[in-house]
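Understanding the architecture of this molecule
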Amino acid sequence: MRRLRKKSNFFKNLISIVFIVAIMISYLKDELYFENGTGGITWQIGKPLANLSNSFSTRSRSELQDFALELVNRDRLRNGLSPLTANSLMNEVAQAHAQDMLNRNYYDHITPEGETPTDRFRSRGGQGGLGENIIYQDGYSGMFLNYSLLEKFQKSWMYSEGHRNNLLNPDYQYFGFGIIIEPISKKVYAVQNFQ
């Protein structure tokens, strides 16, 4: 009788553990599975560069900027376009805009004062116009910024026609990237700049 009770408890515990693991996998499947699809009829998207071995480590701003450029160039090359080159001033402008949107709680290409991406670029000494992609996520589930998040943002931009037009513009040569997280609310703002 005692042996049957122990087996019964063992199986109850095992079922509970399997149930908990299934719930965790269901909850984390988007965090653990990377798939970009194939793109559209007239454009393609590259295979994910984020994977289980590199995705979830906390990354510095410069590592995130380098990875963002790598993702953009992956998709440009996949579509027969030349790669972009990182531009430190454009990184600075993108980072300042992400920070400003977080600080003042807005989400737009144009600041509350009416400054456009080109205005922001020129006010810091840049010349010419600037293309821009922005993205916002409220309630980000992670604690820190990582490659997994950037892969998801790049995928979102690629599957949005207006953003993809910037990413795949054959005239662009330079790229800048900025990203910021508010650790308590988990709001994330990211900005891509193109010229």
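Residues numbered from 1 in each chain as written. Predicted model: local features only at pLDDT ≥ 70, side-chain atom pairs only at ≥ 80, totals over all residues. Heavy atoms only, no water.

1. Let's talk about the pairing of strand β4 (residues 187-194)
Stated precisely, the cut-off is as follows: Think of it in three bands: residues with accessible area under 20% of the maximum for their type are buried, residues over 50% are exposed, and the middle band is partly exposed, with areas taken using a 1.4 Å probe on protein chains only. Counting from the N terminus, the helices are the DSSP runs of H or I reaching at least four residues and the strands are the DSSP runs of E reaching at least two. Strands qualify as paired when DSSP identifies two bridges or more between them.
With 8 of its 8 residues buried, β4 lies for the most part within the structure. Burial along β4 is two-sided: the face carrying Lys187, Tyr189, Val191 and Asn193 and the face carrying Val188, Ala190, Gln192 and Phe194 are both buried. As judged from the 7 bridges shared by strand β2 (residues 131-137) and β4, these two strands associate in the antiparallel manner. Among the inter-strand pairings, Ile134 is bridged to a residue of β4, identified as Val191.

2. A look at the sheet that holds strand β3 (residues 174-182)
Definition in use: Any two residues whose heavy atoms approach within 4.5 Å are treated as being in contact. Only C-alpha atoms enter the line fits that serve as axes; for helices the fit covers just the stretch in contact. Angles between N-to-C directions range over 0 to 180 degrees.
In spatial order, the strands read β1-β3-β4-β2; together these 4 strands make up an open sheet with mixed pairing. The open sheet is flanked by β1 (85-86) and β2, the only strands paired with a single partner. Helix α2 (residues 61-78) contacts β1, β3 and β4 of the sheet and is inclined by roughly 130° relative to β3. Helix-sheet contacts for helix α5 (residues 147-158) involve β2, β3 and β4, and the interaxial angle to β2 is about 120°.

3. Thoughts on the pattern of salt bridges
Which entries qualify depends on this criterion: Any carboxyl oxygen of Asp or Glu within 4 Å of a side-chain nitrogen of Lys or Arg constitutes a salt bridge here.
Under the definition given, this model contains 7 salt bridges. The partner of Arg74 in a salt bridge is Asp75, with the nearest N and O atoms 2.9 Å apart. Judged on exposure class, the residue Arg74 and its partner Asp75 are both buried. Of the charged contacts, one joins Arg74 and Glu151 as a salt bridge, the two residues approaching to 2.6 Å between their closest N and O atoms. Of this pair, Arg74 sits in helix α2 while Glu151 sits in helix α5; the two residues are 77 residues apart in sequence, bridging distant segments of the chain. Assigned by exposure class, Arg74 and Glu151 land together as buried. Salt bridges here are not isolated pairs; linked through shared partners, they connect Arg74, Asp75 and Glu151.

4. Observations concerning the nonpolar core
Just so we agree on the cut-off: The term nonpolar core refers to a set of buried residues drawn from Ala, Val, Leu, Ile, Met, Phe, Trp, Tyr and Cys, joined through side-chain atoms within 4.5 Å.
Core analysis: the largest hydrophobic core is formed by 31 residues, its most contacted members being Leu150, Phe153, Phe175, Phe177, Ile179 and Val188. Only α2, α5, β3 and β4 provide two or more residues apiece to this core. With 9 residues, the next largest nonpolar core counts Ala98, Tyr106, Ile134 and Val191 among its residues.

5. Re α2
As a reminder of what qualifies: By this rule, a helix spans an expected 1.5 Å times one less than how many residues it contains.
Along its 18 residues, α2 runs 26 Å from first to last C-alpha, staying within 8% of the 26 Å computed at 1.5 Å per residue. If you check which residues of α2 are buried, you get Leu64, Gln65, Phe67, Ala68, Leu69, Leu71, Val72, Asn73, Arg74, Asp75 and Arg76. Packing partners of the buried residues in α2 comprise β1, α3 (88-104), α5, α6 (161-167), β3 and β4. Once α2 finishes, Gly80 follows within two positions and takes phi at roughly 75°, a positive value.

6. What about the confidence of the model for the protein chain?
For residues with low pLDDT, the predicted coordinates do not support detailed interpretation. Here is the rule we go by: Within a predicted model, pLDDT stands for the predictor's per-residue confidence, ranging from 0 to 100.
On average, residues of the protein chain carry a pLDDT of 89, and 84% of them reach 70 or more. For the stretch residues 24-30, pLDDT sits under 50, and the model shows 2 contacts to residues farther than four places along the chain or on other chains.

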